[in-house]
Amino acid sequence: MHVHVNAAVSVDGKLSSTRREQISISGDEDFARMETIRAESDAVMVGVGTVLADDPSLERHDESLGREPPARVVADSRARTPTDADILAGDRPTYVLASAAAPEDRRRALERAGATVIVAGDERVALPEAFDELASHGISRLMVEGGGELIFSLFAAELVDELTVYVGSMIIGGRGAPTLADGDGFVDEFPTLELRDVARLDDGVVLTYDV
Ligand SMILES: NC(=O)c1ccc[n+]([C@@H]2O[C@H](COP(=O)([O-])OP(=O)(O)OC[C@H]3O[C@@H](n4cnc5c(N)ncnc54)[C@H](O)[C@@H]3O)[C@@H](O)[C@H]2O)c1
Ligand SMILES: Nc1nc(=O)c(N)c(NC[C@H](O)[C@H](O)[C@H](O)COP(=O)(O)O)[nH]1
């Protein structure tokens, strides 16, 4: 499975503010670029932290981009996704990746709301195992939109193939504000990236890396 992480950060590397509310870092051109990647993907993924903060639809709004609209995936160890979340709306499949720690009633509630629940791992979602399961459902190109906890885990599990980051010309600051990669952090060995492209977009810059 090809895994493409895409996110927008401030110059100081933040995904949002200390209030964890969605901030418009991207402008129209970057949102259009993001939609193109969505349209080229079999599924679009976020962590439940992003679902709870932003309630994203993960829609492909521009129908002219062709193909089937992508399925949706949430990494949600304890099955906390609200049953009225936008990510469950409509007919496109939604896969909730949960762990054995997810209460049975929450799993069932999400299934009743239309989700396919995949259980992998004891406490947190075991991402490699869950991704194998997604592949068996025909997902071979996965786009990941964040947030920082999920992106860190994907790098830690060496599951990322490609990274695009839009750096908006703003400072957000805040010690506790989410960054591109949070989690426990790397301390001795650090994933290295190969810079493939640099492009100006809106008032910022898009960096494209192979991992
Ligand atoms: N600017 C951007 O491009 C962008 C994109 C997405 C999110 N955001 C922002 O990021 C913030 C949310 O990010 P976050 O880091 O709090 O949450 P997140 O979206 O990364 O979700 C983290 C949650 O995912 C679940 N999870 C399951 N298995 C996991 C695993 N193996 N590793 C890690 N997490 C796992 C856990 O329940 C965990 O709490 C919000 O403020 C949102 O606005 C910004
Ligand atoms: N590319 C991008 N630029 C931003 O400035 C910003 N704040 C996000 N944030 C990501 C966000 O948390 C969601 O993943 C989707 O951007 C939600 O969009 P939809 O409601 O699905 O259209 N993403």
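Note that the coordinates shown come from a computational prediction; the quantities given were computed from them, not determined experimentally. (Residues numbered from 1 in each chain as written. Chains lettered and ligands numbered in written order. Predicted model: local features only at pLDDT ≥ 70, side-chain atom pairs only at ≥ 80, totals over all residues. Heavy atoms only, no water.)

Asks: Outline the site of ligand 2, listing residues and values.
Replies: Ligand 2 sits among 17 residues. The nearest are Ile 23, Ser 26, Asp 54, Leu 58 and Glu 145. Within the contact set of ligand 2, an oxygen atom lies 2.7 Å away from a side-chain nitrogen or oxygen of Glu 145. Elements represented by at least two residues in the shell around ligand 2 include exactly α1 (28-40) and α2 (48-54). Element by element, the count of residues in the shell around ligand 2 is highest for α1, at four residues. Grouping the amino acids of the shell around ligand 2 by side-chain chemistry returns seven nonpolar, six polar and four charged. (Near = heavy atom within 4 Å. Polar contact = N/O pair within 3.5 Å; in protein donor to acceptor, adjacent residues only side chain to side chain. Helix = DSSP H or I, 4+ residues; strand = E, 2+ residues; numbered from the N terminus. Nonpolar A, V, L, I, M, F, W, Y, C, P; charged D, E, K, R; others polar.)

Asks: Mind laying out the site of ligand 1, listing which residues take part and the relevant values?
Replies: Every one of the 27 residues lining ligand 1 counts as a neighbour, but Ala 8, Ser 16, Thr 50, Glu 145 and Ser 153 are closest to it. Measuring from an oxygen atom of ligand 1, one finds a side-chain N or O atom of Thr 50 at 2.6 Å. One nitrogen or oxygen atom from the side chain of Ser 77 is found 3.4 Å from a nitrogen atom belonging to ligand 1. For ligand 1, whose unbound accessible area comes to 860 Å², protein coverage reaches 89%. Of all the elements in the fold, those that place two or more residues in the shell around ligand 1 are β1 (2-10), α2 and α5 (148-156). With five residues, α2 is the single largest residue contributor to the shell around ligand 1. Taken together, the residues that form the shell around ligand 1 break down as 11 nonpolar, nine polar and seven charged. (Areas by Shrake-Rupley, 256 points an atom, 1.4 Å probe, with all protein chains shown as cover.)

Asks: Which residues make up the pattern of salt bridges, and what values do they have?
Replies: One pass over the full model with this rule turns up nine salt bridges. A salt bridge links Arg 38 to Glu 145; the nearest nitrogen and oxygen atoms lie 2.6 Å apart. Placement of the pair is Arg 38 in helix α1 and Glu 145 in the loop between β6 (141-144) and α5, with a sequence separation of 107 residues. By relative accessible area, Arg 38 is classed as buried at 6%. With a relative accessible area of 17%, Glu 145 lands in the buried category. Linking Arg 124 and Glu 149 is a salt bridge whose minimum nitrogen-to-oxygen distance equals 3.9 Å. Of this pair, Arg 124 sits in the loop between β5 (116-119) and α4 (127-136) while Glu 149 sits in helix α5; the two residues are 25 residues apart in sequence, bridging distant segments of the chain. Accessibility expressed as a relative area gives 37% for Glu 149, which makes it partly exposed. (Salt bridge = Lys/Arg side-chain N within 4 Å of Asp/Glu carboxyl O. Buried < 20%, exposed > 50% of the residue type's maximum accessible area, 1.4 Å probe, protein only.)

Asks: Give a detailed account of helix α3 (residues 104-112), specifying residues and quantitative values.
Replies: Among the residues of α3, Arg 107, Ala 109 and Leu 110 are the ones counted as buried. The buried residues of α3 all sit within an arc of 160° when viewed along its axis, so they share a single face. The outward face of α3, more than 90 degrees from its buried face, is lined by the exposed residues Asp 105 and Arg 112. Buried-residue contacts for α3 involve β4 (94-98) and β5. One or two residues past the end of α3 sits Gly 114, with phi positive at roughly 105°. (Arc of directions from axis to C-beta. Contact = heavy atoms within 4.5 Å.)

Asks: So what's going on with the sheet that holds strand β8 (residues 194-201)? Which residues, and what values?
Replies: Strands belonging to one sheet form pairs held by backbone hydrogen bonds; the direction of such a pair is parallel or antiparallel. An order of β5-β4-β3-β2-β6-β1-β7-β9-β8 is seen for the nine strands of this open sheet, with the pairing classed as mixed. The open sheet has two free edges, formed respectively by β5 and β8, since each of these has just one partner strand. When the angles between neighbouring strand axes are averaged without regard to direction, this sheet yields 20°. Seen against the sheet, α4 touches β1, β2 (43-47), β3 (71-75), β4, β5 and β6 and runs at an angle of roughly 155° to β4. (Pairing = 2+ DSSP bridges. Axes fitted to C-alpha atoms, helices over the stretch in contact; angles between N-to-C directions.)

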